[in-house]
Amino acid sequence: LSVIWSRETHRIHETNPATFRPSHQTFLNQVHPEDRERVGEAFIRSLDQHAACAIEHRLLLPDGRIKFVEERWQVLFDQQGKAYRAIGTCQDVTEKARANAHIRRLNRVYAVLSGINSLIVRVRGRDELFREACRIAVEAGGFRMALICTVDRNSMKIVPVASAGKGVDLLAAIKRALASSDDAPKTMVALAVRDKKPVLSNDSQNDSRLIFGRQYSESGVRSLAVLPLLVAGEAVGVLALYSGESGFFVEEELTLLTELSGDIAFAIDHI
């Protein structure tokens, strides 16, 4: 990979057409939007320090596919100390990156499952169970937000009872929607209660079913799962988990989280 570029515009003038889009494109346009700031900072650092750089990031291919790459480059300087060319390699590490990410996600889910099961053994009341379960999901599981709602059998409304995480505005929007007779039935929370099975969205930015698209984007949520809490075959509430990663809730993670929701439901029934 050989690139002639401008520091001011990061503009590519010469490159490998098999890897990047046609030439004369801005350098960072080739990088996944969520990685651009990090890659740009690394590139500028290598300029300022006159040092080689190595970084792993996602690459946007001409056909829209995403590849994980390990990119290494060395900036060349002329006799006046002016940078004029970056030469490097771009290695496809997609399979390794996906495998490592999957292992990290599973480890986080196992940590949540272990922490909440330990909580269930010692917990004294439902309020403590709900509050601490949400805290563990965020702190041990790395979720952007966790929310537990229960079904009020008198009003037959779904009521948020505990939460943790960074989504203050998102939580407020969810509470307003659940309190509204018009919006409540449209929520994933209501759907999970009605159908008594998990409801997922692994691409919350582009999922037309969701009514909180703007709030998800502002809160950094990229995927979510709403898991029903079933007692004697009835949904008494839900555990909702919000991730900052797209595609987080795949089969193995969902299996563990379904087990987790079953453990919380068991505790609800026996406290």
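Coordinates for the structure precede this section.
Notes on the structure follow.

Conventions adopted
- Residues numbered from 1 in each chain as written.
- Predicted model: local features only at pLDDT ≥ 70, side-chain atom pairs only at ≥ 80, totals over all residues.
- Heavy atoms only, no water.
- Helix = DSSP H or I, 4+ residues; strand = E, 2+ residues; numbered from the N terminus.
- Buried < 20%, exposed > 50% of the residue type's maximum accessible area, 1.4 Å probe, protein only.
- Contact = heavy atoms within 4.5 Å.
- Polar contact = N/O pair within 3.5 Å; in protein donor to acceptor, adjacent residues only side chain to side chain.
- Pairing = 2+ DSSP bridges.
- Salt bridge = Lys/Arg side-chain N within 4 Å of Asp/Glu carboxyl O.
- Phe/Tyr/Trp six-rings, centres within 6.5 Å; stacked < 30°, edge-to-face > 60°.
- Lys NZ or Arg CZ within 6 Å of the ring centre and 35° of its normal.
- Axes fitted to C-alpha atoms, helices over the stretch in contact; angles between N-to-C directions.
- Parallel < 35°, antiparallel > 145°, perpendicular 65-115°, else oblique.

Residue position: arginine 105 is located in helix H2 (residues 94-122). Owing to a relative accessible area of 12%, arginine 105 belongs among the buried residues under this scheme. In contact with arginine 105, not counting residues within four places along its chain, are Glu245, Gly247, Phe248, Val250 and Glu253. Polar side-chain contacts of arginine 105 include one of 3.3 Å to the side chain of glutamate 253.

The next subject is the pairing of strand S7 (residues 157-165). Here strand S6 (residues 145-152) pairs with S7 via eight bridges, running antiparallel. The residue of S7 that forms the bridge with valine 151 is isoleucine 158. The antiparallel pairing of S6 with S7 creates a hairpin that spans four residues between the two strands, and methionine 156 there sits at a positive phi of about 60°.

Inspection of every chain in the model, using the stated rule, returns 15 salt bridges. Across the pair arginine 38 and aspartate 35 runs a salt bridge whose closest N-O atoms are separated by 3.7 Å. For arginine 38, a relative accessible area of 39% puts it in the partly exposed group. A relative accessible area of 7% means that aspartate 35 is categorised as buried.

Among all positions of helix H5 (residues 188-195), only Met188, Val189, Ala190, Ala192 and Val193 are buried. If you follow the buried residues of H5, they end up packed against S6, S7, helix H4 (168-179), strand S8 (199-201), strand S9 (223-231) and strand S10 (234-243).

Below, the discussion takes up the environment of leucine 200. Relative to the assigned elements, leucine 200 resides in strand S8. Given the relative accessible area of 25%, leucine 200 is considered partly exposed. Linking leucine 200 and valine 250, residues 50 residues apart in sequence, is a C-alpha distance of 9.5 Å. In this structure, leucine 200 is in contact with Met188, Arg209, Leu224, Ala225, Phe249 and Leu254, ignoring residues within four places of it in sequence.

Before going further, it helps to spend a moment on the packing of aromatic side chains. Inspection of the entire model under this criterion finds six aromatic pairs. Centre to centre, the rings of phenylalanine 248 and phenylalanine 249 are 5.0 Å apart; their planes meet at 70°, and the pair counts as edge-to-face. Of the two residues, phenylalanine 248 and phenylalanine 249, neither departs from the other in class, the shared state being buried. In textbook terms, an aromatic cluster arises when at least three aromatic residues are bridged by ring pairs, as seen for Phe143, Phe248 and Phe249. Seen from the ring of phenylalanine 248, arginine 105 lies directly overhead, with NZ or CZ sitting 5.8 Å from the centre.

Right, let's talk about the packing of H2 against helix H7 (residues 251-270) for a bit. For the pair H2 and H7, interaxial distance at closest approach is 10 Å and the crossing angle is 10°. As far as their axial angle goes, H7 and H2 are roughly parallel. Contact with H2, carried on its side by His102, Arg105, Leu106, Val109, Tyr110, Val112, Leu113, Ile116, Asn117 and Ile120, involves Glu252, Glu253, Leu256, Leu257, Glu259, Leu260, Asp263, Ile264 and Ala267 of H7 and no other residues of that element.

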